[in-house]
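# Observations on the three-dimensional arrangement
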Amino acid sequence: MKQRFRPRRLPLQWVTHTLLISIIPVILFGSSIYYMGSWIVKKEIYRASQESLIQIQHQVETKLNNIEQTASQISMQSNIIELMNIGTEPGLGTISQSNKVLGDLMMVKSAAKEVLSIYFYHIEQQVLITNDTITSIDEKRVAKDTGWLEDVEGMVRSRKQRMWVIPRLMNVESGPPIPTLSHITLLPLFYNKPKGALVINLHADFLEKAISRFPLNAEGQLVIIGKEGELIARTPPGGQEKPTLAQLTAFLAGRSEGNGVHTGTIGGSFVSVVRSGMNGWSYAMIIPSGTPRQQVELFKNVIILITVLLCVLAVYSAYFSHKRFQNIMKRIMDKLSLVKSAEVHPDGGEELLSIEKRINSLLEEAVNGNSLKEKHFPLLRTHYLHSCIHGNVVEMNRLSEQQKEWELFKYSRFCVMAIQMDDESSSSFDKDHALFLFAVSNLADELTTLHEGEWHLQLEPIIVNPYTVVIVNYNGEEVTEERLLSYADELRGLVAKILKHTVTIGVGTPVSSVRRLVHSYREALDALDMNGANVYDEVLSYRNMRQDARKLVQYPALEEQEFMRSLRARDGEAARDALTDFRRKLEGEQASLHLIKTFYLQLLVAVISFVQEYNEDTEQVFRENNPYEVFFPMKSPAVIHQWFEGELLGLILAYMESVKRNKNDVLIRKTLDLIQEKYKTDLTLQAAADAANISPSYLSKLFKEEVGESFVEYVTGLRLEHAVRLLQETDWTLTQISEEIGYTSVQQLFRIFRKKYGITPGEYRENLHSANEKDFS
C-alpha cells in the first residue's frame, strides 16, 4: 500500500515544499528592491534638487544683477545728474528737468515687468519723483510709501553706496501693504555728501515664479533666506512652515564652509541648500521624507500580494498532500467548532483542478495588468514630454524604450511654442485658466488634423501652467522656419475666433535633437519675457526678438532730427514728410510691433521735451490730454502714426505759430529799441542780429514783414530825420552832423541825403535860411 501511495502523493508534496521555499527569496528580493528603490529615489531627489537650485540661483541672480545694472545706468543719465545738482534753491528749468526724469523712470518701469515702481528722491529739495508722479516727501496723501527713508539714513551713516532691502512692506494707495524687494542706490556714485537716492521696488512674487515644479512632482517648498538670516520668500506661500526658519538657519550655519550644494535631512524632510557668492542669499529646497516611499509604494504592494498568494497556495497544497497536516487542521477545526469533519478525496483530483483554475485566474490577472499598463500609456507619454522640455535626462533615458513604441517623433527637426493667455483680453475663460489651456491644446490637435497630409509635421501639446506648450516635430527639408511661424499665426487666429480670447505665442529656435528641446522651450519663454511693450495677440519669434534687440542702435535718429527741425521751422509739410520717412525706416528694417512702439515712444519723449523748451506747462499745449495716456493703449503702428501725423502734429504746429507771433513781437521791439539807442553809432544789420541771437537774413526778413520797410531803410530814415533837426536847430558843420548821426564821412551824408530829399544838406540849409529871411523881411 505504501509503495502504491507514495508515487501519487509525492508530486503534491513537492509543490507544497517549492511554494514554501519560494516565499523566502520573494520576501528577500522584494525587500531589497523596495529599499534599493527608495535609496535611488532619494538620490534622484538630491540630484534633481541640486540642478533646480543652481538654475533658480542663476535665474534670480541674473534678474537682480540686471536691476543693479539698470540702477547704475539710471544714475549716470544726464537728466538725473543735472536735477541732482540743483541745490536748495531751484532755478529755471527745474520743472522741465523733473519731467524729463519722470519720463525716464516711466520708460524703465514699462520695459521691466518685474519692476513694481521706481523712485528718485532729491534729498535737499525733499522732492520725490516716481514713475507716475512728482510730489513732496512730506505730502503723505500722495507719498504713502516712505518706509525706505530709514534705510537711506542708515546707508548714509554707514557710508554704503547701495543695498538690497529684503523683504519690505510697501504702502499702497488702497488696501494693505504689499511685500516687495527694494534696491537703494545713493547718488552720486562717488559722494562726500549724498544728494539723492534711487529706489527700485520689485514684485516679490517673481521669486515664487522661479520654480515651476519640484523633483518627482512632490509637494515641496522653496525657501530663500537673506545674508542676515531673514526670510525673503517661501513658496508656495501659505504652506506648512516645516522645517522652521530657525532650523534652516542652524543647518546653514553648520555648512557655511565650501561652495556647491549641501544636502541633508531636517525633521524628516530632505533639504538641499546652496549659498550665493554674489549677495550671500541662501536657497533651500525641501522635499517631504515620504516622497521616496510613495514612488515605490506600488512595487511594495505587489510584493506583499505575491507573498500572500504564495502562502495561501502553500497552505492549500499542504492540506491535500500531508495526512498529518490534514489531521491537525481537522482537529483544530473540530475544537473551534468552525466546521465539521469532511472527507478528503483519496486521489486529490478535484484539488488539482481547483489549483489549475486559480493558476488560470492568475494568468488572467497578468493580462489585465498589461491592459492597465496600456491604459497608463498617455500619462507616461505626457511625463516623457515634460521631461524633454525641462531637460530631465534621467527620465528621458528611462522611458526611451517606450518612446520607440509610441512612435512619438518621426522627423529630424524640433521646435517649441509657448502659448500664453493674454491679460488684456476678456472672455468666459477669465476665471478658469486651466480650462482655457486645455481648450488651446485641443485646438492645436484639431488644426493638425485639419491639415493632415498637407503639412509634414506632427504636434505634441502639453500643459505647463501658465502656458500651453506645443512641441513641433517636422521635416526640415519640407517645412521652413517661416512656415512654422505661419502655423503659429494660424493657431493664434483660430484661438481668437473660437475661444473669443486672444493669446500671445512665443516660438523658440528650431533644434535638431530631442535632448535640445529644453533650449527651444526656454527660448520660447524668453520671447514672451522680452515682450517689454506688452504687445498682445501676436506671434513672437525668439530669433526675430534677438534681431530686434540688436537693432536697437538703429533708431531713426536722422529722421527724428529732421522732424524736430521742421517743428522749429513750423513747416507742417516737412514735418509730415519726416514722419513718413520715420515710419518707412522702421518698416524697411522689418521691426517688430513692440520695437516700433518703443521707437515712437522715444520720439514722443523728444517732442514733449521740445515743447517744454517753450512752455513747461504742457497742459496748455496738449489741451489737458496727457499724451502718454493717449499713446500707451495704442497697439497698431498705423494708429500710432495717424495720431502723430494728425492730432499731435496739429497741436504742436498751432502752438508754435502762437510762440512765433509772441517771439516775433518781442524780437522786433528789442530791435527797435536797439536802433533808437545805437543808430548814432556805426550800427549794422549783423550787429543787431548778433544782439538778437539770430541770423542777419532772418532778422532782415522778419523786420521787413513786421515793420514794412527794411532794416537799412528804417535806420537811414531815423538818421536823416535827426540830421534834418540838426540842420534846422543848430549851426553845426556838416562834418559834426555826420559824426552825430553815425556816418563816417560827409560824402556819405551827402549821397544819402540827396537820394532821400533830392538836394544836398548844404542846399537844404541855404533854402531854410532864405525862407527865414523872407519871412523876417
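This section reports on the structure supplied with the text. Quantities reported herein were computed from a predicted structural model and do not represent experimental measurements.

Criteria and thresholds
Residues numbered from 1 in each chain as written. Predicted model: local features only at pLDDT ≥ 70, side-chain atom pairs only at ≥ 80, totals over all residues. Heavy atoms only, no water. Helix = DSSP H or I, 4+ residues; strand = E, 2+ residues; numbered from the N terminus. Buried < 20%, exposed > 50% of the residue type's maximum accessible area, 1.4 Å probe, protein only. Areas by Shrake-Rupley, 256 points an atom, 1.4 Å probe, with all protein chains shown as cover. Pairing = 2+ DSSP bridges. Axes fitted to C-alpha atoms, helices over the stretch in contact; angles between N-to-C directions. Contact = heavy atoms within 4.5 Å. Patch = residues over 30% accessible without salt bridge, like charges linked within 9 Å, V, L, I, M, F, W, Y side chains within 5 Å. Salt bridge = Lys/Arg side-chain N within 4 Å of Asp/Glu carboxyl O. Polar contact = N/O pair within 3.5 Å; in protein donor to acceptor, adjacent residues only side chain to side chain. Parallel < 35°, antiparallel > 145°, perpendicular 65-115°, else oblique. Nonpolar A, V, L, I, M, F, W, Y, C, P; charged D, E, K, R; others polar. Phe/Tyr/Trp six-rings, centres within 6.5 Å; stacked < 30°, edge-to-face > 60°.

### What to know about the overall build of the protein chain
In terms of regular secondary structure, the protein chain is built from 29 helices and 16 strands. Within the protein chain, the proportion of its 777 residues that are buried is 42%. Per element, the accessible surface of the protein chain, about 43,000 Å² overall, is 53% carbon and sulfur.

### Describing the sheet that holds strand β4 (residues 162-170)
If you trace the 6 strands from one edge of the open sheet to the other, you get β3-β2-β1-β6-β5-β4, paired in antiparallel fashion. Since the sheet does not close on itself, it has two edges, and those belong to β3 (134-136) and β4, each with one partner. Between one strand and the next, the sheet's axes are offset by a mean angle of 25°, whatever the strand orientation. Taken together, the 7 bridges between β4 and strand β5 (residues 178-187) define a ladder with antiparallel strand orientation. Looking across to β5, one finds that Val 165 is bridged to Ser 182. Sitting on the sheet, helix α4 (residues 149-158) is in contact with β1 (115-122), β4, β5 and β6 (196-203), with an inclination near 35° to β5.

### Observations concerning a nonpolar patch on the surface
Taken together, Met 36, Trp 39 and Ile 40 make up a surface patch of nonpolar side chains, about 340 Å² in accessible area. Mapped onto the fold, Met 36 is located in helix α1 (residues 2-75). Judged by relative accessible area, Met 36 falls into the partly exposed class, the value being 48%.

### Digging into the environment of Ser 541
By the element assignment, Ser 541 lies in strand β16 (residues 539-541). It is 8.9 Å that separates the C-alpha atoms of Ser 541 and Glu 523, two residues lying 18 residues apart in sequence. When near neighbours in sequence (up to four residues on either side) are disregarded, Ser 541 contacts Glu 481, Leu 485, Val 507 and Ala 527.

### A short note on the side chain of Thr 185
Considering the arrangement of structural elements, one finds Thr 185 in strand β5. When its relative accessible area of 0% is taken as the criterion, Thr 185 is described as buried. Separated by 3.5 Å, the side chains of Thr 185 and His 183 make a polar contact. The contacts of Thr 185, once residues within four sequence positions are left out, are Ala 71, Gln 161, Arg 162, Gly 196, Ala 197 and Leu 198.

### What to know about the packing of helix α24 (residues 685-692) against helix α25 (residues 696-707)
Across the interface, α24 lies against α25 with an axial gap of 9 Å and an inter-helix angle of 95°. Between α24 and α25, the angle is such that the two are roughly perpendicular. Contacts between α24 and α25 involve Leu 685, Gln 686, Ala 688 and Ala 689 from the former and Pro 696, Leu 699 and Ser 700 from the latter. Of the residues in the contact of α24 with α25, the class split is 5 nonpolar, 2 polar and no charged.

### Concerning the pairing of strand β11 (residues 282-288)
Put simply, side chains in a regular strand alternate between the two faces of the sheet. Of all 7 residues in β11, 6 are buried, a share of seventy percent or more. The pairing of strand β7 (residues 221-225) with β11 spans 5 bridges and is classified as antiparallel. Following the sheet pairing, Leu 222 is matched in β11 by Met 285. Bridging between strand β10 (residues 269-275) and β11 involves 7 bridges; their strand directions are antiparallel. Looking across to β11, one finds that Ser 272 is bridged to Met 285.

### Here we look at the packing of aromatic side chains
All chains considered together, the criterion is met by 12 aromatic pairs. A ring pair is formed by Tyr 119 and Trp 148, whose centres lie 5.9 Å apart and whose planes are at 40°; its orientation type is tilted. Here the residue Tyr 119 occupies a position in strand β1, and Trp 148 occupies one in the loop between β3 and α4, the gap between them amounting to 29 residues. Just as Tyr 119 is buried, Trp 148 falls in that class too. When the ring of Phe 703 is compared with that of Tyr 714, the centres are 5.7 Å apart and the planes differ by 65°; the resulting orientation is edge-to-face.

Remember that the coordinates give geometry; whether it matters functionally is a separate question.
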